[in-house]
Amino acid sequence: MENKVPFCTCTDTACPNHPTNHQDGCTRCIEKNLANGEIPSCFFKLVNPSYHGPGYYYKDFAEVVKGEK
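### Some thoughts on the packing of aromatic side chains
Now for step 1: A complete count under the given rule lists four aromatic pairs for this structure.
Now for step 2: When the ring of F44 is compared with that of Y51, the centres are 4.9 Å apart and the planes differ by 15°; the resulting orientation is stacked.
Now for step 3: Ring geometry for F44 against Y56: centres 4.9 Å apart, planes inclined by 80°, an arrangement best described as edge-to-face. In this pair, F44 sits in helix α2 (residues 41–47) while Y56 sits in the loop between α2 and α3 (58–65), placing the two residues twelve residues apart along the sequence.

### Some points on the layout of surface pockets
Now for step 1: There is about 420 Å³ of room inside the largest pocket.
Now for step 2: Looking at the largest pocket, it is lined by 22 residues, and the ones nearest its centre are C10, C29, N33, P40 and S41.
Now for step 3: Every element with two or more residues in the lining of the largest pocket is listed here: α1 (27–35) and α2.
Now for step 4: Considering every element that reaches the lining of the largest pocket, the biggest residue donor is α1, with four residues.
Now for step 5: In the lining of the largest pocket, the residues fall into twelve nonpolar, six polar and four charged.

Rules behind the numbers
Residues numbered from 1 in each chain as written. Predicted model: local features only at pLDDT ≥ 70, side-chain atom pairs only at ≥ 80, totals over all residues. Heavy atoms only, no water. Phe/Tyr/Trp six-rings, centres within 6.5 Å; stacked < 30°, edge-to-face > 60°. Helix = DSSP H or I, 4+ residues; strand = E, 2+ residues; numbered from the N terminus. 1 Å grid on protein atoms, 1.4 Å probe; cavity = no way out; pocket = protein on both sides within 12 Å on 5 of 7 lines; lining within 4 Å. Points joined across faces, edges and corners; volume = space filled by probe spheres on them. Nonpolar A, V, L, I, M, F, W, Y, C, P; charged D, E, K, R; others polar.

So, in structure tokens, the structure goes:
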């Protein structure tokens with residue numbers, strides 16, 4: 001399926017919430033992240049394109065923004 005969200009930087013296309021796997025754009029990804037207390041990987045990649053975890057929680061994002069990860 002074609003990615004209907006051209007700005008999506010997520011490389012995990014195996015994820016069922018990835019925009020290439022359904023017609024709901026970013027909605028499923030955001031819902032999943034909010035339910036788990038996480039931030040979508042696209043936010044991390046905006047600040048640090050090489051970030052690949054280990055976590056995607058608010059604390060992890062703050063550390064990436066501060067340059068600690």
